[in-house]
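# Coordinate inspection notes
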Amino acid sequence: MFKFLRKIKEYLILKRSGLFDEEYYCLQNPDVRQADVDPLWHFVSVGWKEGRNPNANFDLVNYSLSVLASQEPIGNPLIYHIKNPLKIKDSRLNESCSQSSTDQLEIVMVEEKVDNCVELENESRSQLSEAQPDPILNSDELSEFVDSAKTLYSLKEHLKEAEFYLSISHDNYTKVVGGVQNVIRMEESEILKTNYHYVHISPDPPQKKKIYETTFGDWWVVCDGKDMGLAHSEIILEWLEKESLSSIRRVIMHHTLGFGVAEIERLAKLGYLTPIFWIHDYYSACRSYHLRRNDRAYCFGPDISSNSCQICRYGEDRKLHMATFKKIFAQQNLQFCFPSNFTKDNWERITLFNNFSLESKVVPLVELKEDKVQPWEKKDKINVAFPGYPYAQKGWDSWLNLTQRFKEDDRYNFFHLSYISDQSENYRSIDVRYTPDNPHVMKEKLVIYDIDAVLIWSVVPETFSLTYYESLAAGCFIVSNPLSGNVAKTLSFSPSDGMVIDSESELMNLLTSGKLIDLVNLKNHEGKKNYLIQNLDVGYLE
Amino acid sequence: MIVFTSIGLNYLPKARILNNTLKKLHPNWEVHLLVSDRIDYGLEKYLLEPLQEFDKVFFLDDLDLPDKYEWIRKHNIVELCTAVKGPYLRKLVLDGEEKIMYIDPDIAVINELSPLESLLDNYSILLTPHLVTPPTKTKPIVDNEIAGCMRHGIFNLGFLAINGKQEQGKEFAEWWNNRLIDYCYADYEKGLFTDQKWCDFVPAYFSNLKIVNDPGYNVASWNLDCRTLSYSENGQILVNSEFPLRFYHFTGYDSGAGLSVMKTHFGEKSGDVPMDLWEWYERMLDKYSIDELSGRKWNFPSN
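Residues numbered from 1 in each chain as written. Chains lettered and ligands numbered in written order. Predicted model: local features only at pLDDT ≥ 70, side-chain atom pairs only at ≥ 80, totals over all residues.

With 14 residues of chain B at the contact, the number on the chain A side is 15 residues. With six residues, helix α11 (residues 272-288) of chain B is the single largest residue contributor to the side of chain B that touches chain A. The class makeup of the residues in the side of chain B that touches chain A is five nonpolar, four polar and five charged. (Contact = placed C-beta atoms within 7 Å. Helix = DSSP H or I, 4+ residues; strand = E, 2+ residues; numbered from the N terminus. Nonpolar A, V, L, I, M, F, W, Y, C, P; charged D, E, K, R; others polar.)

Before going further, it helps to examine the confidence of the model for chain A. All names here are of chain A. Of all residues in chain A, 86% attain a pLDDT of 70 or more, and the chain-wide mean is 85. Here residues 99-110 is a poorly scored stretch, pLDDT under 50, and it has 12 contacts once near neighbours within four places are set aside; other chains count. Contacts for the low-pLDDT stretch residues 120-137, under 50 throughout, to residues beyond four places or in other chains number 11 contacts. (pLDDT = per-residue confidence, 0-100.)

This part covers the nonpolar core. Core analysis: the largest hydrophobic core is formed by 192 residues, its most contacted members being Val221(A), Ala453(A), Cys476(A), Ile478(A), Ala108(B) and Tyr248(B). Per-element accounting of this core gives the leading share, six residues, to strand β7 (residues 155-163) of chain B. (Core = buried A, V, L, I, M, F, W, Y, C linked by C-beta atoms within 7 Å. Buried ≥ 20, exposed ≤ 12 C-beta atoms within 10 Å, placed from the backbone.)

All names here are of chain A. Tracing the sequence through the fold places glutamate 187 in helix α9 (residues 179-191). For glutamate 187, a count of 24 C-beta atoms within 10 Å corresponds to the buried category. Expressed as a C-alpha distance, the spacing of glutamate 187 and aspartate 537, which sit 350 residues apart in the sequence, is 8.2 Å. In contact with glutamate 187, other than residues within four places in its own chain, are Ser167, Leu536 and Val538.

For the rest of this paragraph, the subject is the environment of Ser513(A). All names here are of chain A. Among the structural elements, serine 513 can be located in the loop between α19 (504-512) and α20 (515-523). The exposure class assigned to serine 513 is exposed, which follows from the 10 C-beta atoms found within 10 Å. Note: C-alpha distance between serine 513 and glutamate 157 (356 residues apart in sequence) is 64 Å.

Residue and element names in this part refer to chain B. Pairing is mixed across the open sheet formed by seven strands, whose spatial order is β3-β2-β1-β4-β7-β6-β10. Looking along the sheet, the strands with just one partner apiece sit at the ends: β3 (56-59) and β10 (209-211). Direction aside, the axes of adjacent strands within the sheet are offset by 20° on average. With four bridges connecting them, strand β2 (residues 30-35) and β3 associate as parallel partners. Bridged to leucine 33 within β3 is valine 57. Packing of helix α1 (residues 12-25) onto the sheet brings it into contact with β1 (2-7), β2 and β4 (99-103), and relative to β1 it is tilted by some 165°. Most of the contacts of helix α5 (residues 85-94) go to β4, to which it runs at about 165°, and overall it touches β1, β2, β3 and β4. (Pairing = 2+ DSSP bridges. Axes fitted to C-alpha atoms, helices over the stretch in contact; angles between N-to-C directions.)

Further remarks concern unusual backbone geometry. Of note, the bond from Asp204(A) into Pro205(A) is cis; its omega dihedral lies within 30 degrees of zero at 0°. Inspection of the secondary structure puts Pro205(A) in the loop between β2 (197-204) and β3 (218-223). Even without being glycine, Asp67(B) reaches a positive phi, approximately 45°. Within the secondary structure, Asp67(B) is located in the loop between β3 and α3 (68-73).

Moving on, we get to the sheet that holds strand β5 (residues 107-109) of chain B. Residues and elements named next belong to chain B. Taken in spatial order, the three strands make up an open sheet running β5-β15-β11, and their pairing is mixed. Each edge of the open sheet is held by one strand with a lone partner, namely β5 and β11 (219-220). For β5 and strand β15 (residues 247-249), the ladder comprises three bridges, and the chain directions are antiparallel. The residue of β15 that forms the bridge with isoleucine 107 is histidine 249.

This is the structure:
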C-alpha cells in the first residue's frame, strides 16, 4: 500500500547511514552512471533486487542467504541489517557495516518522521474521502517523489559541493519575463562571473500558497540558469540544512509569494552571510502586491481597519498576512534591499514595520552612464510608444484611449513594444524578447524604432521600473502620472527627462495642442542623449 | 440604543450582515431581530447559532395584536415584514426604551452611526430622504422625483430613529403603528406604499423631526446618480468627497434591480466604490448564507 513511501523511508535511512557508497555503486554499475539517475534511488528501487551491492563490504546475496535460513523474507537486506544489527552475526560482514547507537537513534527519528507523514497522509485522506478508507499514493504523488530525488541528484551533481548563492522568488525567472525576473537574471549573471554558483528556487505552481500557511510544497529548482527540476520543499530544505549548510554563502529573497512561513523561516536561517530580503513590491504589506483594491485601483495601502480593506477581497486576510511578515521580520536577522528611496519610504509608511530595527539599504537595479549624443533635427512628427506589458496597472487603458483618439493625427506614430505582442490598427506592435545576453533589448528597440516619447503611465507605484530607465537610456521623453511611484519621483528631480501630468484628459491635451512635440524638440535641441545601462551592482551581496 | 430589523427567514443572511457590521462599530448597541415567519420542523438546529448572534429575537407569534392571524393573512411577506415595524416600535416605546432605531436588513453599516445617536438627544424623530439634492436633468427628474419619490414616498424607511422618552417620539410611534396596522400595503391605486408614504406626513405632524440630509446615510443604487463615492487616501469611503459613508442600502440585490440601476448610471464599470461594495456584499452573503434556507417557502399564509 505504501510501497513508495517505504522506498522514500529507506532512501532517507540509507542516506543517513553512510552505508551506501555512491562512487562504488556507479563504478560497479556503468548502466546506472550512464542513465544519469540518483544511484541511491536506483539501489532502493531496483538495485538491491538485482543483487547490486551498496558498498564494497556488504554482500547482498550472502547476507540474504544467512538471514533466510531462519527468517521470513526481509526486503532490502541492507535496511534489514541496519534495523537488526545484533540479530545477525556474520563474519562475512565487515566491521564498517555495523551501526553505532547514535546512528540507530537517528534512524529511528527518520523513521518516525516518515511514519508521521504516512499517518498524516492517512488521516487527511480518510477525512477527505470516507469512501476511500484504504488510501494509496496517487500517480501525482508518486511522480512528485521521483522528481524530488532526481532534482536533488542533478543539483548535487552540478554544484559538486562548491559554494553558492541561494535565491528565491515567486516564479521561474528563466521562463517568465518581468522586472523581478530581469533583476534575478542580472544578479545571476554577475555572480557567475565569480567562483560561486547561483541556485534559485520558486514555488510550483506559483502563487498557490499564502504566507501564513505552514504547509510545505513543491519547488522548482534552477542552478546557474539551468533547470534542475521539481522537488518537494522539505526534501530540499533538509538537504540545504544538513548537507550543504557550509556551502550556502547567502540567501537572497527576491520574492516570497507562494512560499509559506515555515519555509521562509527555515530559509532565513541558512547561509553564513545575513539573508537579503528584497522589496520589489508591496507583497509584505498585502497579498495584492501592487496594492490594487479588488484588482481595480491603487489603494495607497491604508490601515487594515479601513473601509477600503474591509470591502476588498484582499483585506479579509490582510491582518494575518501582515502579522506573519511582522513575525518573520522581527525574529529573523535580515537585510532589506529597496530598489529606490521612494519605495523604502512608501513601504515604511504602509507597513509601519518600525517596532524592530531593520537593517536596510537602497540598491538601484541599474544605473545610467552618459553615452553618445545623436544629432537632432527639429521634428514636426514624432514616434510615441507604450513600452512594456499591456496591463491595466501599467495604464494600458489610457494608452488605448490615446491611440484611438489620435489614430488619424498625422503628427503621431504609435508603437507598442512588448514581449506580449498584440494587433491593433491604432498602433504598431513590436516584439521585444529578452535574452540573457541582452537584458535591455527594450532600449535597443526604442532606438531602432526611433521612439521620441514614451508613456509610462503606471497607476500603481513602480518600485523601480526598468522600462523607465531603458526609455531614458534610449533618449526618450517620458510622460507619466503622479501615481507611478519611482518614475514620478525621479522625474521630479530631472524635469528635462519628461513630465508628470495629473490626468488622462491632460494627456489628451498634451497631444491635441502639440505641446508634446515641442517638449521632445526642446529636450533634444542639443542632440538626443543616449545612455549606457550599467547592470545591477552586486556589491550589496558582500 | 436599541436597533431592530424585520425579516422573513429568507432574509436572515442579510440581517446577519447588518448585525455583524453594526456590532463591529457599536458593540454596546442592542440588536433585535423581528421575525415574521415560523421555523419549520427540523430547521431549528441550523438556525440556532445564527439567531443567537442577535441580542434578542422576537417572533411575530409572540407579538400581542388583536385578530393577529387574520391580520397576517391580509399581507404578503414584504407588506407583513414592514407592517410589524409599527407594533414593535410601539412595544419598545411602551417598554420604556429611549433611543430606538429601525434599520432594514439589507443595509450594511460602513462607518460609525454615533452622530445619529447624538441627534436623538435633541430630536424626537430622524428620517433620511431618498434625495438630498434636487436633480437638474430630465432623466433623474422623471426617474427619481416623479417615478421614485412621488410614488413611493419622500423618505426611505429603510432607516428610522426615534427617542421614545420624548413626547413626539411616543406620539409618532403610536400614530405610525395605527397606520401600519390598517394600511400597510403596496397599493399604488389607493396612493399607498407600505410604511413609506405615510412618513410624507411627518414634517407636517411632528415639529421635532430632524431630516438627516447628510448624504453619507442610506446610500443606495437609486440615489447614486446624485452622490459621488470615493476613497480617501486613508481608505475611508466618502460621499461627495466629504461625508463618510455611514450605511449602504443594498436594495434590489435579489432581483438584480440594484445592480442593473448601477450599470445604467455608470455603465458596465459602475464606478469603483459601488462595485467594490456590491462584490463585498456578495462575498458576505456567501459567508453568512444558510444552505437549509435556500428554496424554502415563507411559513405564514398570505391572503
